[in-house]
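Secondary and tertiary structure notes
Listed here are the chains, written in short residue letters.
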Amino acid sequence: MESNNPKLEWLVINEKECLKFTFSDVLTEQLAIAAIDDWKKAFASKPDEKIILIWNCLNMDRYDNKARTRWQKALKEMKSQIDCVWLINESNIIRMGASIMSLFVSFEIKVAGSESEIKI
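These remarks concern the structure in this document. What you see is a predicted model; the values in this text were computed from it and never measured. (Residues numbered from 1 in each chain as written. Predicted model: local features only at pLDDT ≥ 70, side-chain atom pairs only at ≥ 80, totals over all residues. Heavy atoms only, no water.)

**Examining the pattern of salt bridges**
Rules: Salt bridge criterion: a side-chain nitrogen from Lys or Arg within 4 Å of a carboxyl oxygen from Asp or Glu. Only DSSP runs of H or I covering at least 4 residues are called helices, and only runs of E covering at least 2 are called strands; the numbering of each starts at the N terminus. Three exposure classes are used, based on accessible area relative to the maximum for each residue type with a 1.4 Å probe and protein chains only: buried under 20%, partly exposed in between, and exposed over 50%.
Applying the stated criterion across every chain yields a total of 7 salt bridges. The salt bridge partner of Arg-70 is Glu-29, with a shortest N-O separation of 2.7 Å. Taken as a pair, Arg-70 in helix 2 (residues 65-77) and Glu-29 in helix 1 (residues 29-44) lie far apart in primary sequence, 41 residues in all. You can call Arg-70 partly exposed: its relative accessible area is 37%. A relative accessible area of 21% means that Glu-29 is categorised as partly exposed. Here Lys-73 makes a salt bridge to Glu-77, at a shortest N to O gap of 3.8 Å. With Lys-73 and Glu-77 both in helix 2 and 4 residues apart, this pair spans about one turn of that helix. Lys-73 sits in the exposed class, given a relative accessible area of 54%. Its relative accessible area of 43% is what places Glu-77 among the partly exposed residues.

Structure (structure tokens):
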């Protein structure tokens, strides 16, 4: 997986495999495009599995509107392979953005303040 923002990595929580995205600074449209490509490749490696996504946004300052639009579109495209989404963040603005995004993609985005708060 190529781009550094967000960084993508597989991890296991309570014996369930998760794809973790660690965001930093600003998510631009170009970074989102590269990350979505990496995300699609990761999902293609496990075509018959429902995958838990973890978005660690503790070090994210903000995201561009075009990045959010692309992210929403990717969520819709890959929805059949997504088990659930966990957002790790303490920013009310980013949490509100995730709540709005969850309405557009028709599934809940769960929120935690740290990785240790994730209940799988």
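That was the structure; now back to the text.
**So, the sheet that holds strand 4 (residues 82-88)**
Here is the rule: Any two strands with at least two DSSP bridges between them are considered paired. All axes here are fitted lines through C-alpha atoms, helices being fitted over the stretch that makes contact, and every angle between N-to-C directions spans 0 to 180 degrees. Contact between two residues is taken to exist if any of their heavy atoms lie within 4.5 Å; hydrogens are not considered.
Spatially, 1-2-3-4-5 is the arrangement adopted by the 5 strands of the open sheet, whose pairing is mixed. The open sheet terminates on both sides in strands that have one partner only, identified here as strand 1 (7-13) and strand 5 (109-112). Strand-to-strand twist in this sheet, taken as the mean axis angle between neighbours without regard to direction, amounts to 25 degrees. Bridging between strand 2 (residues 16-27) and strand 3 (residues 51-63) involves 9 bridges; their strand directions are parallel. Counted as the bridge partner of Cys-18 is Ile-52 from strand 3. The strands touched by helix 1 within the sheet are strand 1, strand 2, strand 3 and strand 4, with strand 2 carrying the most contacts at an inclination of about 170 degrees. Sitting on the sheet, helix 2 touches strand 2, strand 3 and strand 4, and the angle it makes with strand 3 is about 175 degrees.

**Here's the deal with empty space enclosed by the protein**
Worth spelling out the cut-off: Cavity: a set of points on a 1 Å grid over the protein atoms alone where a 1.4 Å probe fits but cannot get out. Pocket: an open set with protein on both sides within 12 Å along at least five of seven lines, its lining residues, like those of a cavity, having an atom within 4 Å of a point. Grid points are joined across faces, edges and corners, and a volume is the space filled by probe spheres set on the points.
With the rule as written, the count across this model stands at 1 cavity of 30 Å³ or more. Taken as a whole, the largest cavity spans an internal volume of roughly 160 Å³. Lining the largest cavity are 14 residues, with Trp-55, Met-60, Tyr-63, Trp-71 and Met-101 sitting closest to its centre. Taken together, the elements giving at least two residues each to the lining of the largest cavity come down to strand 2, strand 3, helix 2 and helix 3 (92-105).

In short, the description is geometric, and any link to function would need to be established separately.
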